[in-house]
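Geometric and topological summary
Single-letter residue listing:
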Amino acid sequence: MVEDSVVQTKQIGKYKVEVIRSKCISAGSCEAIAPGVFALDEEGIATVISQDGNSDDEKLLAAQSCPTDAIVVTDIETGEQVWPKA
Amino acid sequence: MKPQRFIAKLADKEFFNEKFSKYVFEMEEPHRIDFESGQYVSITVDETGDRRSYSVCSNPDTHHSFELLIDHSPQGKGTTFLQNLKFGDEIDVMGPLGRFVLAPDKGEDEIVFIATGSGIAPFRSMILYLLQDLGEKRPVTLYWGLRHEENLFWQNDFQDLVDEYENFKFHPVLSRGSEEWPLCKGRVTDCLAVHDLPAKGCYYLCGNAKMIEDVNTLLLSKGVVAEDVHFEKFY
Ligand SMILES: Cc1cc2nc3c(=O)[nH]c(=O)nc-3n(C[C@H](O)[C@H](O)[C@H](O)COP(=O)(O)OP(=O)(O)OC[C@H]3O[C@@H](n4cnc5c(N)ncnc54)[C@H](O)[C@@H]3O)c2cc1C
Ligand code: SF4
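The shown structure was predicted, so the numbers you read here are calculated from the model rather than taken from an experiment.

Calculation rules
- Residues numbered from 1 in each chain as written.
- Chains lettered and ligands numbered in written order.
- Predicted model: local features only at pLDDT ≥ 70, side-chain atom pairs only at ≥ 80, totals over all residues.
- Heavy atoms only, no water.
- Helix = DSSP H or I, 4+ residues; strand = E, 2+ residues; numbered from the N terminus.
- Buried < 20%, exposed > 50% of the residue type's maximum accessible area, 1.4 Å probe, protein only.
- Contact = heavy atoms within 4.5 Å.
- Near = heavy atom within 4 Å.
- Nonpolar A, V, L, I, M, F, W, Y, C, P; charged D, E, K, R; others polar.
- Polar contact = N/O pair within 3.5 Å; in protein donor to acceptor, adjacent residues only side chain to side chain.
- Areas by Shrake-Rupley, 256 points an atom, 1.4 Å probe, with all protein chains shown as cover.
- Domains from an automatic or database assignment.
- Expected span 1.5 Å × (residues − 1).
- Arc of directions from axis to C-beta.
- Salt bridge = Lys/Arg side-chain N within 4 Å of Asp/Glu carboxyl O.

A word on the overall build of chain A
For chain A, the count of helices and strands is three helices and five strands. Counted from the first residue to the last, chain A has its helices and strands arranged as α-β-α-β-β-α-β-β. Looking at the 86 residues of chain A, the share that counts as buried comes to 48%. Of all intrachain contacts in chain A linking residues separated by at least 6 positions in sequence, the fraction that spans at least 24 positions is 50%.

Structure (structure tokens):
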């Protein structure tokens, strides 16, 4: 919970991203497009290193470029899932 | 090379067979693409912004255009979008993307490429670059698994490379080859099991996830270290 509030106060944009680890195939597009937000860990799986390292547009583009829809983008103001589209 | 968005235009399409075609895209804005062999591009395939990834199959020494090799069989958004493109149509592309590139030469004895189906795409780019541009002298071997004879393409091009470069070997493998098929028959792993696989080789695997898992297990059982096995899963 404490960690959550730290992320929230640091957040600049309105999009929050999460990676579904089981879906990640280590293709690395997210890291290339939004390197301030995503990094591949030692297993080659994408992790979120910061919510505010790139703009909302870059976060969304990273999610749209993920070949397996492993990145979920949520609008924190409305709670709506922005990507993948339902 | 940081990925960027660009516009490219369909300039040519080569129909190989029912399953596979090659697409040539000419750069529009900007006019130049720089990428490493093995990397892929991400293409917008519908109005919601959905994208699909495709490996560049051309040599990175060409900068005004890039080529993609497409397996049309999935018939989802990506493949139908590409299939419906007409000459001159523009596409919205993001790239280059991906870390599946040639690893630095660590003195391995041999470089081995193992593909199934459209997994050949990044390898065509890597092999052309290795042989024609880098002048690679170590043995370079390509194993390529397809289903039937009718699915085959590029075999003459790879045979030309075999004739031109004595260090290059090419093994097409058909899982459902006819009686007449003279070369390896079965899955790629069956073919690999009967060939010498150097423990100190540099291996690149590309194609479906199951093949990659199976080949990786086989290689590790033969003493190849995990760091020397590089792979890209297409699906
Ligand atoms: C890094 C990367 C590079 C890729 N490079 C290429 C490439 O160079 N050429 C290419 O043709 N494809 C490539 N792909 C696959 C491509 O991105 C799409 O997944 C494929 O074209 C299917 O998209 P679709 O929208 O038509 O079908 P979808 O509706 O997205 O998928 C339909 C089904 O087909 C499966 N599928 C995906 N690809 C194949 C395939 N080749 N054969 C059989 N089933 C498949 C999917 O798992 C899914 O179950 C690559 C994928 C990745 C992750
Ligand atoms: S783009 Fe998707 S599959 Fe690729 S590393 Fe990022 S989360 Fe994983």
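Considering the site of ligand 2
Near ligand 2, the surroundings consist of 14 residues, among which A:Cys24, A:Ala27, A:Gly28, A:Cys30 and A:Cys66 are the closest. The class makeup of the residues in the shell around ligand 2 is ten nonpolar, four polar and no charged.

Quick word on the site of ligand 1
All names here are of chain B. The environment of ligand 1 is formed by 21 residues, the closest being Arg 52, Ser 53, Tyr 54, Gly 78 and Thr 79. Note that an oxygen atom of ligand 1 is positioned 3.1 Å from one of the backbone N or O atoms of Lys 77. Surface burial for ligand 1 is 77%, taken as the share of its 900 Å² of free accessible area covered by protein chains. Looking at the shell around ligand 1, the elements with two or more residues in it are strand E4 (51-55), strand E5 (65-71), helix H1 (77-83) and strand E11 (229-233). Broken down by element, the residue count for the shell around ligand 1 peaks at four residues, all from E4. The residue makeup of the shell around ligand 1, split by class, is ten nonpolar, six polar and five charged. Looking at which domains feed residues into the shell around ligand 1, each of domain 1 (4-97) and domain 2 (110-233) gives three or more.

Description of helix H5 (residues 209-221) of chain B
Residue and element names in this part refer to chain B. Taking 1.5 Å as the rise per residue, H5 with 13 residues should run 18 Å; its terminal C-alpha atoms sit 18 Å apart, in good agreement. Restricting attention to buried positions, one finds in H5 the residues Met 211, Ile 212, Val 215, Leu 218 and Leu 219. Taken end-on, H5 shows its buried residues confined to a sector of 135°, consistent with a single buried face. Of the exposed residues in H5, those oriented more than 90 degrees away from the buried face are Lys 210, Glu 213, Thr 217 and Ser 221. Looking at the buried positions of H5, the neighbouring elements they touch are strand E7 (110-116), helix H4 (188-193), strand E10 (201-207) and E11. Downstream of H5 by one or two residues, Gly 223 has phi in the positive range, about 95°.

Structural notes on the domain arrangement of chain B
Bring the parts together and some accessible area is lost; that lost area is often taken as the interface size. Residue and element names in this part refer to chain B. One can read the domain layout of chain B as domain 1 (4-97) and domain 2 (110-233). Domain 1 and domain 2 are separated by 24 Å when their C-alpha centres are compared. Listed per partner, the contact involves 19 residues of domain 1 and 19 residues of domain 2. Joining domain 1 to domain 2, the criterion identifies one salt bridge. Note that Glu 67 is salt-bridged to Arg 124, the shortest N-O span being 3.0 Å. Where domain 1 packs against domain 2, one counts seven residue pairs in polar contact (both at pLDDT 80 or more).

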